[in-house]
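# Fold and contact review
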Amino acid sequence: MEKTLHNILGEIRRTNAPLAPDALDRIIRARNREVAGPVRYVAKKKLLPFYQEAKEHRPEHWRTWGVSPAEEALLVRTLQVKPRRTASGVATVTVLTKPWPCSSACLYCPNDVRMPKSYLHDEPACQRAERNWFDPYLQVTARLRTLHQMGHVTDKVELIVLGGTWSDYPEAYQIWYMHELFRALNDMGCETAVERESETRRKQYRDAGIACERDDLANWAAEAQARVTAGDASYNETVRSLYACGTHVDGNGWVAAAQWQTATFPQLEALQRKNESTEHRCVGLVVETRPDAVTPKRLATLRRLGCTKLQMGIQSLDERILAANHRGIGVDRMQQAFELARIFGFKTHAHFMTNLLGATPESDAADYRRMVEHPAFKPDEIKLYPCALVDGTGLVAHWRDGSWRPYTEQELVNLLAEDVLVTPPFTRISRMIRDISAHDIMTGNKKVNLRQLVDLELAKRSEPVQEIRSREIAFGAAANDELSLSEIAYETANTHEVFLQWVAPGNRIAGFLRLSMPNADYIDAHVTALPIDAGEAMIREVHVYGRVAGLHQGGENAQHRGLGRMLIERACDIARENGYTAINVISAIGTRGYYRKQGFTDNGLYQQRSL
């Protein structure tokens, strides 16, 4: 392994650049040919962890390699695994809450009793959660270690909390969960502290008799899962029994776990203050919920918890399709949720499904267009994915009697391509498939490269694509004098929005800001329920793209060149010109210090700057 690294470093020193994938592959292949044996001696994914281990645990030997900081940066670029994971400028960590009864029973939704409703235990994030007893501390620290070993900078972290409807969980559990997320980030600067705390937690769960190994969990849940799949028991009653949800079940280890899975707001806020200046900071915090669970009181609680974005299960805006699929939510309630989330400053991330019972490609296209164009909705981000048939769901009967069928691949690709083309430049399509394993899908799309197929279809059409993800500058570079500031104004049901974006040649996006200016009439009509006053504008998001740069380090690409500061100043000018006297920002805990430097002061749930 060491000889391979020296060969790679030699080539880096010769070229003064990171190695191209084919050049790296030639070096690895050559070394493997030198070493006799039935298996590969060297693999790319093992090289960077080997280098990191030498530097951290054998520093005297590592120093003999004579690697300069510049050479190390090029080495990491060469050996980084899955570079797209931090190409948008932030390291994303997804965690899951423990299984809990769901307030709905949608026709298409999986009923895996080992998971929160709608998730399956073979999905990657679900596997990680289950191995770690759904413990937020263990999930975050394990994931950050993995990202570090893959060569990613993890100083700026967006935490995505999945697991169904967040507000269905007891408030004490919600506070504890966030407390442990911030505790994990704060501890990551000390490997000894992380390992000591992790081992203590593992022992607690084991002593409580809670399994975490795949085979043990399969045996534990098999009988209960069979009853749910056969329709002899409901998901909710089964999960309530298995995980002692709000009840006492003798001998159930989750009863014991619930005793320590609790925290208070003062305890959480102490860790949040610490996270403002730690090595690994939270720059975004996302939770998942249902539109009918969005209320002013719950949104205020989410802000205290540190949340900045809401993922909401919309699925369809067609009342007929919502009813056929037992969604249990009307379109009017969805509109209220968008209005409240927007006025509270949250980024809105809508889940939208095609191919539901009762839908056609034509109705789906019209439905999606309504979501991205109607003032009541216009989400900032969208998860757009086709319905997949999973055993044990109510949709199976409709498939068997012929009242539902999956779209053909060409129907699906054409539909998704049309959806992309009508998506406005202020909206990002984050993904087009769920991470459901092919063996769990009875019928429907099983191709993990669905988005690539859609991109190929779009290339044939030669029509401009405006949605954000397709335009992200990612690994590219653009000089400041190549960037132009574009402003896109649009109306929603209760705000005037301006999307400010730095645009590079080829319409690539290097950074953006979402400015929201609430309608005075809406504020006056809801003043007692809202945390803002008339005359206050809101910055809902600031994002600058480019490869992640460490905190306090001069990064490459678009980050760390003052682009965010210039966006903020222009947003303040626009708000002032429109008669607003103050501007709030829905800052994440780890960005509070940055906004203080931009003239904002702490002000309740937000930070505020006078205009």
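The structure contained in this document is the topic of the report that follows.

## Quick word on the overall build of the protein chain
If you tally the helices and strands in the protein chain, you get 24 helices and 16 strands. Over its C-alpha atoms, taken along the principal directions, the protein chain stretches across nearly 70 × 65 × 55 Å. Counting only residues that meet the buried cut, the protein chain has 57% of its 611 residues in that class. Counting only contacts in the protein chain whose residues sit at least 6 apart along the sequence, the fraction spanning at least 24 positions is 73%. Accessible area of the protein chain: about 25,200 Å², with a carbon and sulfur share of 50%. The centroid of the 77 positive side-chain charges in the protein chain is displaced by 5 Å from the centroid of its 76 negative side-chain charges.

## Here's the deal with the environment of Glu171
Note that Glu171 resides in helix H8 (residues 171-187). Residues Glu171 and Ala263, 92 residues apart in the sequence, show an inter-C-alpha distance of 9.3 Å. Ignoring anything within four residues of it in the chain, the contact list for Glu171 reads Phe265 and Thr301.

## So, empty space enclosed by the protein
Evaluated as defined, the whole model comprises two cavities of 30 Å³ or more. Reported here for the largest cavity is a volume of approximately 50 Å³. Every residue along the wall of the largest cavity is listed here: Trp100, Pro101, Cys102, Pro116, Lys117, Gly163, Gly164, Thr165, Asp168 and Tyr169. Class assignment for the residues of the lining of the largest cavity results in five nonpolar, three polar and two charged. In this structure, the second largest cavity spans a volume of roughly 40 Å³. Together, Asn355, Pro386, Cys387, Pro406, Tyr407, Leu412, Gly444 and Asn445 line the second largest cavity.

## Focus on the side chain of Arg471
For Arg471, the position within the fold is in helix H21 (residues 468-471). Beyond its immediate sequence surroundings of up to four residues, Arg471 is in contact with Pro425, Val465, Gln466, Gln501, Asn507, Arg508 and Ile509.

## Observations regarding the pattern of salt bridges
What the rule picks out here adds up to 43 salt bridges. Between Arg214 and Asp122 there is a salt bridge, with its nearest N and O atoms 2.5 Å apart. Separated by 92 residues along the polypeptide, Arg214 in helix H10 (residues 214-230) and Asp122 in the loop between strand S1 (91-96) and helix H6 (124-131) bring together distant segments of the chain. Given the relative accessible area of 42%, Arg214 is considered partly exposed. In this structure Asp122 comes out as buried when scored by relative accessible area, which is 9%. The salt bridge partner of Arg227 is Glu223, with a shortest N-O separation of 3.4 Å. With Arg227 and Glu223 both in helix H10 and four residues apart, the pair spans about one turn of that helix.

## Concerning the sheet that holds strand S8 (residues 428-431)
The strand order across the open sheet built from seven strands is S1-S2-S3-S4-S5-S6-S8, with neighbouring strands paired in parallel fashion. Sheet topology places S1 and S8 at the edges, where each strand pairs with a single neighbour. The mean inter-strand angle of the sheet, taken between neighbouring strand axes irrespective of direction, is 25°. Two strands pair when backbone bridges link them, and strand S2 (residues 156-162) and strand S3 (residues 281-289) are joined in this way by six bridges, in the parallel orientation. Residue pairing for S3: Glu158 is matched across the bridge by Gly284.

## A short note on the sheet that holds strand S14 (residues 582-585)
With mixed pairing, seven strands are arranged side by side in an open sheet as S10-S11-S12-S13-S14-S16-S15. Edge positions in the sheet fall to strand S10 (484-491) and strand S15 (601-603), since each of these pairs with one other strand and no more. Going from strand to strand, the sheet's axes swing by 30° on average, the running direction of each strand aside. Relative to strand S12 (residues 508-518), strand S11 (residues 495-504) runs antiparallel, the two sharing ten bridges. The residue of S12 that forms the bridge with Ala504 is Arg508. Those strands touched by helix H16 (residues 331-343) are S11, S12 and strand S13 (536-544), and its axis lies near 65° from that of S11.

## Considering the packing of aromatic side chains
Summed over all chains, the structure comprises 17 aromatic pairs. An angle of 40° between the planes, with centres 5.6 Å apart, marks the rings of Tyr173 and Trp176 as tilted. Of this pair, Tyr173 and Trp176 both sit in helix H8, three residues apart, which is roughly one turn of the helix. Classification of Tyr173 by relative accessible area gives buried; the value is 4%. Its relative accessible area of 3% is what places Trp176 among the buried residues.

## Details of the packing of H8 against helix H13 (residues 265-275)
A pair of packed helices can be characterised by two numbers: the angle between their axes and the separation between those axes. Contact geometry of H8 with H13 gives a least axis separation of 9 Å together with a crossing angle of 25°. With respect to H13, the axis of H8 lies roughly parallel. Viewed along their axes, H8 and H13 form a crossing whose handedness is left-handed. Across the interface between the two elements, Glu171, Ile175, Met178, His179, Phe182, Arg183, Leu185 and Asn186 from H8 touch Phe265, Gln267, Leu268, Leu271, Gln272, Lys274 and Asn275 from H13. For the contact of H8 with H13, a count of residues per class yields seven nonpolar, five polar and three charged.

## With respect to helix H11 (residues 235-242)
Because each turn of an α-helix spans 3.6 residues, side chains separated by three or four positions end up pointing in the same direction. Along H11, the positions that sit buried rather than exposed are Tyr235, Thr238, Val239 and Leu242. For H11, the buried positions fall inside an angular range of 95° around the axis, keeping them on one side. Considering only its buried residues, H11 is in contact with H10 and helix H12 (253-260).

## What about the packing of H10 against H11?
Between H10 and H11, whose axes approach to 10 Å, the crossing angle comes to 160°. With respect to their mutual orientation, H10 and H11 come out roughly antiparallel. Like other packed secondary-structure pairs, H10 and H11 cross with a definite hand, here right-handed. Contacts from Trp220, Ala224 and Val228 in H10 reach Tyr235, Thr238 and Leu242 in H11. Along the lines of polarity and charge, the residues of the contact of H10 with H11 split into five nonpolar, one polar and no charged.

## Some words on unusual backbone geometry
Phi is positive for Ser118, which is not a glycine, with a value near 90°. On the secondary structure map, Ser118 appears in the loop between S1 and H6. Of note, the phi angle at Lys378 is positive, near 50°, even though the residue is not glycine. Assignment of secondary structure puts Lys378 in the loop between helix H17 (361-373) and strand S6 (381-386).

Scoring rules and cut-offs
Residues numbered from 1 in each chain as written. Predicted model: local features only at pLDDT ≥ 70, side-chain atom pairs only at ≥ 80, totals over all residues. Heavy atoms only, no water. Helix = DSSP H or I, 4+ residues; strand = E, 2+ residues; numbered from the N terminus. Buried < 20%, exposed > 50% of the residue type's maximum accessible area, 1.4 Å probe, protein only. Contact = heavy atoms within 4.5 Å. Areas by Shrake-Rupley, 256 points an atom, 1.4 Å probe, with all protein chains shown as cover. Lys, Arg positive; Asp, Glu negative; His and termini not counted. Charge placed at Lys NZ, Arg CZ, Asp CG, Glu CD. 1 Å grid on protein atoms, 1.4 Å probe; cavity = no way out; pocket = protein on both sides within 12 Å on 5 of 7 lines; lining within 4 Å. Points joined across faces, edges and corners; volume = space filled by probe spheres on them. Nonpolar A, V, L, I, M, F, W, Y, C, P; charged D, E, K, R; others polar. Salt bridge = Lys/Arg side-chain N within 4 Å of Asp/Glu carboxyl O. Pairing = 2+ DSSP bridges. Axes fitted to C-alpha atoms, helices over the stretch in contact; angles between N-to-C directions. Phe/Tyr/Trp six-rings, centres within 6.5 Å; stacked < 30°, edge-to-face > 60°. Parallel < 35°, antiparallel > 145°, perpendicular 65-115°, else oblique. Left-handed = near helix turned anticlockwise from the far one by under 90°. Arc of directions from axis to C-beta.

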